[in-house]
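# What the coordinates show
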Amino acid sequence: MSDNREVVLSVKGLNKYFGKKQILHDLELECYRGEVFGFLGPNGAGKTTTIKMAVGLLRIDEGEITICGHNVEKEFEEAMANVGGIVENPEMYKFMTGRDNLKQYARMRGLDFSEIDKAVEIVKLSNRINEKVSGYSLGMRQRLGVAQALMHKPRLLILDEPTNGLDPQGIKELRDILRQLAHESGVCVMVSSHLMSEMELMCDRVGIIAEGHMIGTYTMDEIKSRSEGDKASYIIETDDEKAAAKVLDIDVTSVGGGKLRIDLDSETARQNIAAIIKQLSAADINIYSVVCEENKKLEDVFIELTNREGDGQIA
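The structure contained in this document is the topic of the report that follows. Just so it is clear, the structure is predicted and the values come from calculations on it, not from any experiment.

Thresholds, definitions, all that
Residue numbers here run from 1 along each chain, matching the order of that chain's written sequence. Where totals are concerned, whole chains, interfaces and linings use all residues; where local detail is concerned, this predicted model gives features only for residues with pLDDT of at least 70, and gives and counts side-chain atom pairs only at 80 or more. Side-chain metrics in this entry use all non-hydrogen atoms of the structure; hydrogen atoms and water are not considered. Going along the chain from the N terminus, every DSSP run of H or I of four or more residues is numbered as a helix, and every run of E of two or more is numbered as a strand. Using a 1.4 Å probe on the protein chains alone, a residue whose accessible area is under 20% of its type maximum counts as buried, one over 50% counts as exposed, and one in between counts as partly exposed. A pair of strands is labelled paired if DSSP reports no fewer than 2 bridges between them. In the sections that follow, a salt bridge refers to a side-chain nitrogen of Lys or Arg positioned within 4 Å of a carboxyl oxygen of Asp or Glu. Axis definition: a line fitted to C-alpha atoms, limited for helices to the stretch in contact. Angles are taken between N-to-C directions and run from 0 to 180 degrees. Any pair of residues with heavy atoms lying within 4.5 Å of one another is described as a contacting pair. Each helix should span, by expectation, one fewer than its residue count multiplied by 1.5 Å. The reported arc concerns the directions from the helix axis to the C-beta atoms and nothing else. Take the buried Ala, Val, Leu, Ile, Met, Phe, Trp, Tyr and Cys residues and link them wherever side-chain atoms come within 4.5 Å; each set so joined is a nonpolar core. Any angle that is under 35 degrees is reported as roughly parallel, and any over 145 degrees as roughly antiparallel; angles of 65 to 115 degrees are reported as roughly perpendicular and all others as oblique. With the far helix as reference, a near helix turned anticlockwise by less than a right angle produces a left-handed crossing, and one turned clockwise produces a right-handed crossing. All amino acids are sorted into three groups, where Ala, Val, Leu, Ile, Met, Phe, Trp, Tyr, Cys and Pro are nonpolar, Asp, Glu, Lys and Arg are charged, and the leftover types, Gly among them, are polar.

Let us look at the environment of K259. Tracing the backbone shows K259 in strand β13 (residues 259-265). The exposure class of K259 is partly exposed, given its relative accessible area of 33%. In this structure the C-alpha to C-alpha distance between K259 and E237, which are 22 residues apart in sequence, comes to 4.3 Å.

Across eight bridges, strand β1 (residues 7-18) lies against strand β2 (residues 21-32) in antiparallel orientation. Bridge assignment links V7 to a residue of β2, and that residue is Y32. As consecutive antiparallel partners, β1 and β2 are separated by two residues, and within that stretch G19 has a phi angle of approximately 70°, a positive value. In this sheet, strand β4 (residues 62-67) lies alongside β1 in antiparallel orientation, the contact comprising five bridges. Counted as the bridge partner of S10 is T66 from β4.

This brings us to the pattern of salt bridges. Summed over the entire model, instances satisfying the criterion amount to 13 salt bridges. In this structure, R33 engages E6 in a salt bridge whose closest nitrogen and oxygen atoms are separated by 3.9 Å. Taken as a pair, R33 in the loop between β2 and β3 (36-40) and E6 in the segment before β1 lie far apart in primary sequence, 27 residues in all. Residue classification places E6 among the partly exposed positions, given a relative accessible area of 36%. Salt-bridge contacts for R59 lead to D61; the nearest nitrogen and oxygen are separated by 3.1 Å. Looking at R59, the relative accessible area reads 59%, which means it is exposed.

Read across the open sheet, the six strands follow the order β6-β7-β8-β3-β9-β10; overall the sheet is mixed. Only two strands of the sheet have a single neighbouring strand rather than two, namely β6 (83-86) and β10 (213-219). Across the sheet, the axes of successive neighbouring strands diverge by a mean angle of 15°, strand direction being ignored. Against the sheet, helix α5 (residues 138-150) touches β6 and β7 (156-160), its axis set at about 160° to β6. Packed onto the sheet, helix α6 (residues 168-185) meets β3, β7 and β8 (188-193) and runs at close to 145° relative to β8.

Owing to its 3.6 residues per turn, the α-helix brings residues three or four apart onto one side. Taking 1.5 Å per residue, twelve residues should reach 16 Å; helix α3 (residues 98-109) reaches 17 Å between its end C-alpha atoms and fits that length. Restricting attention to buried positions, one finds in α3 the residues G98, N101, L102, Y105 and A106. Angular distribution of buried residues about the axis of α3 spans 140°; they occupy a single face of the element. Where the residues of α3 are buried, they touch α4 (114-122) and α5. Count one or two residues on from α3 and you reach G110, which has phi positive near 70°.

Further remarks concern unusual backbone geometry. Of note, K124 is a non-glycine position whose phi angle comes to about 60°, a positive value. Here K124 is to be found in the loop between α4 and α5. Residue classification places K124 among the partly exposed residues on the basis of a relative accessible area of 49%. One non-glycine residue, E211, adopts positive backbone phi at about 50°.

Glancing now at the nonpolar core. One finds L157, L178 and V189 to be the most contacted residues of the largest nonpolar core, which totals 45 residues. Apart from the residues within four sequence positions on either side, L157 is in contact with G84, G85, V146, A149, L150, L178, L181, V187, C188, V189 and M190. Grouped together as the second largest cluster of nonpolar side chains are 29 residues, V11, L27, L29 and M53 included.

So, about the packing of α3 against α5. In contact at an axis separation of 10 Å, α3 and α5 are set at 30° when each is read in the N-to-C sense. The pairing of α3 with α5 is recorded here as roughly parallel in orientation. The handedness of the crossing between α3 and α5 is right-handed. Here α3 contributes G98, L102 and Y105 to the contact with α5, which in turn contributes L144, A147 and Q148. Partitioning the contact of α3 with α5 into residue classes produces four nonpolar, two polar and no charged.

Structure representation (structure tokens):
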């Protein structure tokens, strides 16, 4: 994303203390109009703490958060007028229908009831909106929560761990809704998660946080390039690994059991491995298998970037 895109959420020099313990350390990030931004970090990294300060649920100790140019501390009402969000689980009256829940919210916000059907249509809940929430699945309740958050037409939608507990179908439905909101309606969508696999399919960019420190902000292509790297590794199983190594005029590593490991440049790996197979066959060396080793998974890249796998100190 280029720097000339419209900044919807800006976080600068954000520090947070719980007692004497510093939880966030000089946090900085920007989220743009029309993107799904993934706020990614291990459990306890500081994601929810940051989000709660952005929506006014926690005091900002040091630093500044602005939403659509409005300072959250100094212009709270103006800033919040641009925000819709779900922090933790959406709370609904289960004995009421989905529509009645949204009517209650509309009354509290002074919104016209006509906004209900518009929001419900966006989250694809029209066929169930007149049923009681007690009969909704978790995924339906999440979509109802998103509908509620959209009723006042926010420019920033913040969702904290929205896919927790959802089945694969529910995750896909929510993912499609959020991408449509961002890419077709121009909403800035910020989604927090501790799962790289979710972010890969949902987000345009991710900001990675660990132990209260911002590790960096990356496009998904940049994350994937870290996963793919510039080398491709092949394991070749032969009837004589020593003879095979002697025939090949490249660096190889014996891994035992008649197997050799060969590292090749990714761009030309397919052509080179084909030539190597021909070379071994011409030397009457039997080849039993050729396996390309799997690249690092995105989760592995995430762990490397955060340099930790365990639980953290605060959410």
